[in-house]
Amino acid sequence: MFQISSSFSIIEQNKNSGKFEVSGLYPGYGITLGNALRRVLISSIEGAAVTSFKVEGAPHEFTSLEGIKETMIDIMLNLKQLAVKLYTDEPQTIQLSVTGEKEVKAKDFASNSQVEIANPDLHLATLTDKKASLELEATIEKGLGYVPVEMRKKEKLPVGVIPVDAIFSPIEQVNVEVEDMRVGDRTDYNRLIITINTNGTITPLEALSQAISILEGHFELLKEKINLLQPEKETKLSLETKIEKAPKEILIEDLPISTRTKKVLINNGIKTLAGLLRYREDNLTKLEGLGDKSISEIKEVLQNIRFTLKP
């Protein structure tokens, strides 16, 4: 099997854009990793967006109000560009109330502790008369990707509430470049350069980390499914081999338990079978991430190799 070796570095980064380099990749893996990360970044990073809005005096989106330069369609298009960060999973409502001749911007929304607007200078509307007023209420929700109104299964909206095609993804653009580089005597290793632009509600490095975690989760789940299909004879043989060793010589990562359970144990400082055997069952249940299913799995494996947890 070829050796997996690479290095990661940040070429440049600010609030909205970042460029990152992964060098020393085995030939062909620049494209393999780059395409996978780009696809996840574009489609699977959670964000928030305006999903509907209501303007006082406007029963539908084809309305024009006196003293306001923009139509409801124009205001809708402007609201679709609103970059918001939602600190709760529940939908939130933000409101603005403006009067007089002025330009209405996103910063005119009243503050909401659960909502952060990343582009407060976004233009929303223009009031052209001293007597003009704009009363606007917008609903913010979390989601993935781009979701048109037709795909959202909701109850019938009240009169005056205008639905909006939601652009949930905080990722605006992802560019992947792959170059050849020298590693030892070979000149065909890959250097992967990823450029990420966001709407400011998430940093490019945070987005990249989330994309890696999403891919990692899928591969771990697939690996667990495959491990369950391994021949029973092979599992018994490996267990018999481990019995010949002392508990302190048997690593947790060598036990035939799920990857997720192994990770929880190791993250809590339990790295060997001897370390695991020091725990009582009721103490193990207090470890974050270990549920009843994991405890049962651990007990079954220990029983197979003739060990038990402390009573």
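The structure this text deals with has already been given above.
Bear in mind that the values here come from a model prediction, so they are computed numbers and not experimental data. (Residues numbered from 1 in each chain as written. Predicted model: local features only at pLDDT ≥ 70, side-chain atom pairs only at ≥ 80, totals over all residues. Heavy atoms only, no water.)

A. Expanded view of the overall build of the protein chain. When helices and strands are counted, the protein chain shows eight helices and 14 strands. Relative to the globule expectation of 19 Å for 311 residues, the C-alpha radius of gyration of the protein chain, 27 Å, shows a markedly less compact shape. With the C-alpha coordinates aligned to their principal axes, the bounding extent of the protein chain is approximately 90 × 55 × 30 Å. Across the 311 residues in the protein chain, those meeting the buried criterion constitute 38%. Accessible surface for the protein chain amounts to roughly 18,800 Å². Of this, 50% is attributable to carbon and sulfur atoms. A distance of 6 Å separates the average location of the 39 positive side-chain charges in the protein chain from that of its 45 negative side-chain charges. (Helix = DSSP H or I, 4+ residues; strand = E, 2+ residues; numbered from the N terminus. Rg over C-alpha atoms; globule rule 2.2 N^0.38 Å. Buried < 20%, exposed > 50% of the residue type's maximum accessible area, 1.4 Å probe, protein only. Areas by Shrake-Rupley, 256 points an atom, 1.4 Å probe, with all protein chains shown as cover. Lys, Arg positive; Asp, Glu negative; His and termini not counted. Charge placed at Lys NZ, Arg CZ, Asp CG, Glu CD.)

B. Looking closely at empty space enclosed by the protein. Applying the stated rule across the entire model yields one cavity of 30 Å³ or more. In this structure, the largest cavity encloses a volume near 30 Å³. Residue lining of the largest cavity: Leu255, Ile257, Leu265, Leu276, Ile298, Val301 and Leu302, and that is the complete set. With three residues, the single largest contributor to the lining of the largest cavity is helix H8 (residues 292–304). For the lining of the largest cavity, a count of residues per class yields seven nonpolar, no polar and no charged. (1 Å grid on protein atoms, 1.4 Å probe; cavity = no way out; pocket = protein on both sides within 12 Å on 5 of 7 lines; lining within 4 Å. Points joined across faces, edges and corners; volume = space filled by probe spheres on them. Nonpolar A, V, L, I, M, F, W, Y, C, P; charged D, E, K, R; others polar.)

C. Broad picture of the pattern of salt bridges. Within the structure shown, the criterion is met by eleven salt bridges. For Glu46, the salt bridge is made with Lys142, and the minimal N-O distance between the two is 4.0 Å. Taken as a pair, Glu46 in the loop between helix H1 (29–44) and strand E3 (47–55) and Lys142 in strand E9 (residues 133–143) lie far apart in primary sequence, 96 residues in all. For Lys263, the salt bridge is made with Glu216, and the minimal N-O distance between the two is 3.9 Å. Of this pair, Lys263 sits in helix H5 (residues 259–267) while Glu216 is found in helix H3 (residues 204–228), placing the two residues 47 residues apart along the sequence. Note on Glu216: relative accessible area 41%, which makes it partly exposed. (Salt bridge = Lys/Arg side-chain N within 4 Å of Asp/Glu carboxyl O.)

D. Seen up close, the packing of H1 against H3. Two elements in contact, H1 and H3, have axes separated by 9 Å at closest approach and are oriented at 105°. When the interaxial angle is binned, H1 and H3 end up roughly perpendicular. Judged by residue contacts, Ala36, Leu37, Val40, Leu41 and Ser44 of H1 engage Ala207, Leu208, Ala211, Ile212, Ile214 and Leu215 from H3. Across the contact of H1 with H3, the residue classes break down as ten nonpolar, one polar and no charged. (Axes fitted to C-alpha atoms, helices over the stretch in contact; angles between N-to-C directions. Parallel < 35°, antiparallel > 145°, perpendicular 65-115°, else oblique. Contact = heavy atoms within 4.5 Å.)

E. Molecular detail of a nonpolar patch on the surface. Residues Phe8, Ile10 and Leu205 make up a contiguous nonpolar surface patch of about 260 Å² in total accessible area. Following the sequence through the fold, Ile10 ends up in strand E1 (residues 7–13). Under the relative-accessibility criterion, Ile10 is labelled partly exposed at 43%. (Patch = residues over 30% accessible without salt bridge, like charges linked within 9 Å, V, L, I, M, F, W, Y side chains within 5 Å.)

F. Spotlight on the packing of aromatic side chains. The full count for this structure, using the stated rule, is three aromatic pairs. Between Phe8 and Phe20 the ring centres are 6.0 Å apart and the planes differ by 20°, which places this aromatic pair in the stacked class. On the criterion of sequence distance, the pair formed by Phe8 in strand E1 and Phe20 in strand E2 (residues 17–25) is long-range, its members being twelve residues apart. Centre to centre, the rings of Tyr26 and Tyr189 are 5.8 Å apart; their planes meet at 80°, and the pair counts as edge-to-face. Of this pair, Tyr26 sits in the loop between E2 and H1 while Tyr189 sits in strand E14 (residues 186–198), and the two are 163 residues apart along the sequence. Judged by its relative accessible area of 27%, Tyr26 falls in the partly exposed class. Grouping aromatic residues by their ring pairs yields a cluster made of Tyr26, Tyr29 and Tyr189. (Phe/Tyr/Trp six-rings, centres within 6.5 Å; stacked < 30°, edge-to-face > 60°.)

Everything listed is a geometric property; what it means functionally is a separate question.
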